[in-house]
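# Results of the structural survey
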2 protein chains.
Amino acid sequence: MTEIAVPERGFPESEFVARAASAQAMMAERGLDALLVCTEPEVRYLTGFHTPFWQSPTRPWFVILPAEGRPVAVIPGIGASAMGTTWVTDIRTWPAPRPTDDGLALLVDTLAELTGGVDSTPTRIGLPMGHETHVRMPLADLDLLRDRIVPANFVDATDVVRGLRMVKSDREIAKVAHICDVVSGAFEGIGDLLSVGMTEREAFRAFRIDLLERGADDVPYLVGATGPGFDDIIKQPSDRVIESGDLLMFDTGSVFDGYSSDFDRYVAFGGADADAKRAYRTVWEATEAGLATAKPGATTSDLWRAMAEVLDAGGSLGNSVGRLGHGLGMQVTEWPSHTADDGTVLEEGMVLTLEPGLTWAPGRMMVHEENLVLRADGPELLSRRAPADLPII
Amino acid sequence: MTEIAVPERGFPESEFVARAASAQAMMAERGLDALLVCTEPEVRYLTGFHTPFWQSPTRPWFVILPAEGRPVAVIPGIGASAMGTTWVTDIRTWPAPRPTDDGLALLVDTLAELTGGVDSTPTRIGLPMGHETHVRMPLADLDLLRDRIVPANFVDATDVVRGLRMVKSDREIAKVAHICDVVSGAFEGIGDLLSVGMTEREAFRAFRIDLLERGADDVPYLVGATGPGFDDIIKQPSDRVIESGDLLMFDTGSVFDGYSSDFDRYVAFGGADADAKRAYRTVWEATEAGLATAKPGATTSDLWRAMAEVLDAGGSLGNSVGRLGHGLGMQVTEWPSHTADDGTVLEEGMVLTLEPGLTWAPGRMMVHEENLVLRADGPELLSRRAPADLPII
């Protein structure tokens, strides 16, 4: 196995200083006195707090970025030690879980303190409320929070977190590049790993272990399917036995240091029919068209159009995915979306997937996905480009 | 490696029929015309829809259980094929992502249709709003939803989903039992797997791969620490090299067929000091006290008291976890919580953790955790009981 240079773990404090400064500049433009976030990627982005403990639904977590200075954490006591290792110095805890007041009073007091308390100017607190966001706290508590903050003035701050996270730093890009390198290697080795006669479940297990052995920290997202064709592309494995002539798709969001890959590959066992090969070639060509279009100043809708034209010309019967690619970073999918009307202007430093898909026969879908970072002069692939023709293993 | 009998995958339709009937009986008692859920465990519980695709934050997903009949899915098109393999027959999709209307109009129409539309009686739609829940959709859309449902009458249905999920069926218990068996084996083999000189990161990777090889489908939750003592018990690995005399803790929520373990173990490398050994013994004895108390009719607060008395007598300096155990099932933590005032009455079929923890010296915490199912006559351990004394490897 090739020895891969592993990027440095974590981020220096300067990265968080820069993130906070960018956020605060955007907040100043919008007249926001504070930004309140409560979901894992946003909390991690602003603080560096990194733990899988978010899988426990029991406790809410809050981070407030004031108009100036470092973020302030309002979190369950169990997180104080871990948060104490980040650049955050003002850490306020309550003994969660405490359903009668699970951090609400502490949050209200902290928000009031950080936004200047009661004066004649209504406070404006940014909270992400838009597309791809949700508020991770009980709705009853959220309603209480919106009653108690007087003068209540929560405003949507989706564009702030979206704007921050959509363009990646060099250190973020290096982490995505590393996991894409690891996953590329695993896909390239798939012919040695899998064979006819294995069950889907055995194939998934072997691939997951291989990814870990090659350097993935974890493989939180792994979906796939086998058969002469399939249209469920978010599937978990079954006991189906792989047969000669089958297609196999794996799509994985593997992670390194909290940053994700998101690309897929198709292979065929022993052989494939002409229609499958043609469908493969069409989505491969659609990806080429996307790559040729991906430049700063173009839009996500330009990407969509470039790929959709190739898919249509290739006889696509449709695509249930709803978009032809998206952003990528701490999460397996992030803003923006390549759709007909998304229209996000591409910028240098964006990490994107190209994900053209088509249905070549009823119930038979073919999807390709590559990962790239947008440079000044165009795309730099982070995944190693799939072969132009359907690989037969 | 011992060959373990693997429980059947998935659930027969009768399981979902029973779940819906239980839910609808609770809904009738509360005068609810429908139950709306939008988070992964609730959707999976009612439908069987099982995919890691929920890691993508882009699209909301909705399931409505009417007063009678099967649940109705209102979901992004990408999920239609997978949802079509469940017992759900009424699947309504929209081409998500579509930020201008990401399923909202379809959801409003479906809710109106399923609750009888406009008549003189206000509609009552149950939505979980309480502890351990959140609404997984953009807040702006949630506010629109609450404006558009006329007569608007969303009522908190936390107790419905909590009541349903807290008591497990035999098939659910078999899945948790299986993953606990797998993880018990991995912990018992840890002396052959890990050694002084490895880094934490190497130890995590080896343990994760070992769990997969033993039959875990995935290891979504793995935290741990090494050193003479530590108080961050939700930690990710560092490059710290394990030394002789170190303690090691691993805590894992590994999964089988969508059901989780949640227990930890401590070991010492080469030897341990008397204080660490005493702390270990104290939390082990506290677990014994919890096991002796765990019977139908007792409460979570009885469990808490039984364990807390042993911890206090053992000289505990405190515990930042906030509770001494909790429910377990599809999620690594579920209702209820063993706290001083939780007071949930224990019932046969509940799957619980006992998780006593103490601080034996500043910055040094010791936590034990075991998993059990409550039977008519008391607890049946699902994890194999930790040794009574700190294992030295």
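Every chain begins its residue count from 1, and numbering advances along the sequence as written. Chain letters and ligand numbers both follow the written order, the letters beginning at A and the numbers at 1. Restriction of local features to residues with pLDDT of at least 70 applies here, the model being predicted, together with a cutoff of 80 or more for giving and counting side-chain atom pairs; totals for whole chains, interfaces and linings are based on all residues.

## Observations concerning the overall build of chain A
For clarity, the threshold we go by: Numbering of helices and strands runs from the N terminus, with a helix taken as a DSSP run of H or I at least four residues long and a strand as a DSSP run of E at least two residues long. Radius of gyration: over C-alpha atoms. The globule rule applied is 2.2 Å multiplied by the number of residues raised to the 0.38 power. Around each residue's C-beta, the other C-beta atoms within 10 Å are counted; 20 or more make the residue buried, 12 or fewer make it exposed, and counts in between make it partly exposed. All C-beta atoms are placed from the backbone. Residue pairs qualify as contacts under a 7 Å threshold applied to their C-beta atoms, which are placed from the backbone.
Broken down by element type, chain A carries 11 helices and 17 strands. Taken against the 2.2 N^0.38 rule, which gives 21 Å for 393 residues, the C-alpha radius of gyration of chain A at 23 Å falls within 12% of a compact globule. Viewed in the frame of its principal axes, chain A has a C-alpha envelope of about 70 × 40 × 40 Å. Within the span of chain A, comprising 393 residues, buried residues form 54% of the whole. Partitioning the intrachain contacts of chain A with sequence separation of at least 6 by distance along the chain shows that 69% fall at a separation of at least 24.

## A short note on the environment of Pro99 of chain A
Its place among the elements puts Pro99 of chain A in the loop between β4 (90-94) and α4 (104-114). Once the C-alpha coordinates of Pro99 of chain A and Thr58 of chain A are considered, the two residues, 41 residues apart in sequence, prove to be 9.5 Å apart.

## Overview of the interface of chain B and chain A
The interface of chain B with chain A comprises 56 residues on the first partner and 56 residues on the second. The leading source of residues in the side of chain B that touches chain A is helix α9 (residues 200-214) of chain B, at five residues.

## What about helix α4 (residues 104-114) of chain B?
Residue and element names in this part refer to chain B. As a reminder of what qualifies: By arc we mean the arc of the directions from the helix axis to the C-beta atoms, nothing more.
Regarding α4, the residues found buried are Leu104, Leu107, Thr110, Leu111 and Leu114. The buried residues of α4 occupy one face: seen down the axis, they fall within an arc of 130°. Along its buried surface, α4 packs onto β1 (34-37), β2 (62-66), β3 (72-76), β4 (90-94), β5 (125-127) and α5 (139-148). A positive backbone phi angle near 90° is found at Gly116, which sits one or two residues after α4.

## Quick notes on the packing of helix α7 (residues 170-188) of chain A against helix α9 (residues 200-213) of chain A
Residues and elements named next belong to chain A. Convention followed: Lines fitted to C-alpha atoms define the axes here, with helix axes fitted over just the stretch in contact, and angles between the N-to-C directions of these axes take values from 0 to 180 degrees. Throughout this description, any angle smaller than 35 degrees is read as roughly parallel, any larger than 145 degrees as roughly antiparallel, any in the 65 to 115 degree range as roughly perpendicular, and the remainder as oblique. By convention the crossing between two helices is left-handed if the near helix lies anticlockwise of the far one by an angle smaller than a right angle, and right-handed if it lies clockwise. When residues are grouped by polarity, Ala, Val, Leu, Ile, Met, Phe, Trp, Tyr, Cys and Pro land in nonpolar, Asp, Glu, Lys and Arg in charged, and all others, Gly among them, in polar.
Look at α7 against α9: their axes get within 9 Å of each other, and the N-to-C directions meet at 135°. One finds that α7 runs oblique with respect to α9. Every pair of crossing elements has a handedness; the one defined by α7 and α9 is right-handed. Residue-level contacts link Val182, Val183 and Ala186 of α7 to Phe207, Asp210 and Leu211 of α9. In terms of residue class, the contact of α7 with α9 is made up of five nonpolar, no polar and one charged.

## Description of the relation of the copies chain B and chain A
The cut-off we apply is this: When the copies are superposed, the least-squares fit draws on C-alpha atoms of residues that have pLDDT of at least 70 in both.
If you rotate chain B by 180° and push it 0.0 Å along the axis, it lands on chain A with an RMSD of 0.0 Å. Here the symmetry operator amounts to a two-fold rotation axis. Here 100% of the contact residues of chain B are again contact residues in chain A; the copies associate through an equivalent surface.

## Considering the environment of Gly229 of chain A
With respect to the element layout, Gly229 of chain A can be found in the loop between β7 (218-227) and β8 (247-256). Distance in space between the C-alpha atoms of Gly229 of chain A and Pro379 of chain A is 31 Å, their sequence separation being 150 residues.

## Remarks on the nonpolar core
Selection criterion: For this analysis, nonpolar core means a set of buried Ala, Val, Leu, Ile, Met, Phe, Trp, Tyr and Cys residues linked through C-beta atoms within 7 Å.
Of all hydrophobic cores here, the largest spans 230 residues; its most connected members are Leu35, Ile64 and Met307 of chain B. Setting aside its immediate chain neighbours within four residues, Leu35 of chain B contacts Ala23, Met27, Ile64, Leu65, Gly126, Ala157 and Val160 of chain B.

## Quick notes on the pairing of strand β1 (residues 34-37) of chain A
Residue and element names in this part refer to chain A. As a reminder, the rule being used: Each pair of strands is called paired provided DSSP finds at least two bridges between the two strands.
Burial of β1 is two-sided: the residues Ala34 and Leu36 facing one way and the residues Leu35 and Val37 facing the other way are all buried. Taken together, the two bridges between β1 and strand β5 (residues 125-127) define a ladder with parallel strand orientation. For Ala34, the partnering residue across the bridge sits in β5 and is Ile125. Sheet analysis places β1 next to strand β2 (residues 62-66), joined by four bridges and oriented antiparallel.

## Brief notes about the sheet that holds β1 of chain A
Strand pairing in a sheet takes place through backbone hydrogen bonds and is either antiparallel or parallel in direction. Residues and elements named next belong to chain A. Across the sheet, six strands lie side by side as β4-β3-β2-β1-β5-β6; this open sheet has mixed pairing. Of all strands in the sheet, those bounded by a partner on one side alone are β4 and β6 (154-156). Here the average twist between neighbouring strands, direction ignored, is 25°.

## Focus on unusual backbone geometry
All names here are of chain A. Pro336 follows Trp335 through a cis peptide bond whose omega is -5°. Looking at the secondary structure, you find Pro336 in strand β12 (residues 334-337). Positive phi values are uncommon outside glycine, yet Glu132 reaches one of about 75°. Glu132 gets classed as buried once you count the C-beta atoms within 10 Å, which come to 25.

## With respect to the sheet that holds β4 of chain B
All names here are of chain B. Pairing is mixed in the open sheet, where six strands are placed in the order β4-β3-β2-β1-β5-β6. Where the open sheet ends on each side, the last strands, each with one partner, are β4 and β6 (154-156). Averaged over all pairs of adjacent strands, the angle between strand axes in this sheet comes to 25°, irrespective of strand direction. Inspection of the sheet shows β5 paired to β6 by three bridges, in the parallel sense. Directly across from Ile125, in β6, lies its bridge partner Phe154.

## A look at the environment of Cys38 of chain A
Residues and elements named next belong to chain A. Within the secondary structure, Cys38 is located in the loop between β1 and α2 (40-47). Residue classification places Cys38 among the buried positions, given that 23 C-beta atoms sit within 10 Å. Along the sequence, Cys38 and Arg171 sit 133 residues apart, while their C-alpha atoms lie 24 Å from each other. If sequence neighbours within four positions are ignored, Cys38 has contacts with Pro60, Trp61, Phe62, Val135, Arg136 and Met137.

## As for the domain arrangement of chain A
All names here are of chain A. Heads up, the condition is: Annotation comment: domain bounds sourced from an automatic or database domain assignment.
Each assigned domain of chain A is listed here: domain 1 (13-164) and domain 2 (167-381). Here domain 1 and domain 2 have C-alpha centroids that lie 34 Å from each other. Taken together, the contacts link seven residues of domain 1 with six residues of domain 2. A per-element tally of the side of domain 1 that touches domain 2 places α2 first, with three residues. Class assignment of the residues belonging to the side of domain 1 that touches domain 2 gives a composition of two nonpolar, one polar and four charged.

## What to know about the pairing of strand β3 (residues 72-76) of chain A
All names here are of chain A. Judged by how many residues are buried, β3 sits mostly within the fold: five of five residues are covered. Summarising the sheet, β2 and β3 pair through three bridges and their orientation is antiparallel. When the sheet's bridge partners are listed, Phe62 is paired in β3 with Val74. Linkage of β2 to β3, two consecutive antiparallel strands, is achieved through a turn of five residues, within which Gly69 is found at a positive phi near 90°. Note that β3 and β4 share five bridges and pair parallel. Residue pairing across strands places Val72 opposite Asp90, the latter belonging to β4.

## Considerations on the packing of helix α1 (residues 13-29) of chain A against helix α6 (residues 158-166) of chain A
Residues and elements named next belong to chain A. With their axes 10 Å apart at the nearest point, α1 and α6 run at an angle of 145° to one another. Between α1 and α6 lies a crossing of right-handed hand. Contacts between α1 and α6 involve Arg19, Ser22, Ala23, Met26 and Met27 from the former and Val160, Gly163 and Leu164 from the latter. Along the lines of polarity and charge, the residues of the contact of α1 with α6 split into five nonpolar, two polar and one charged.

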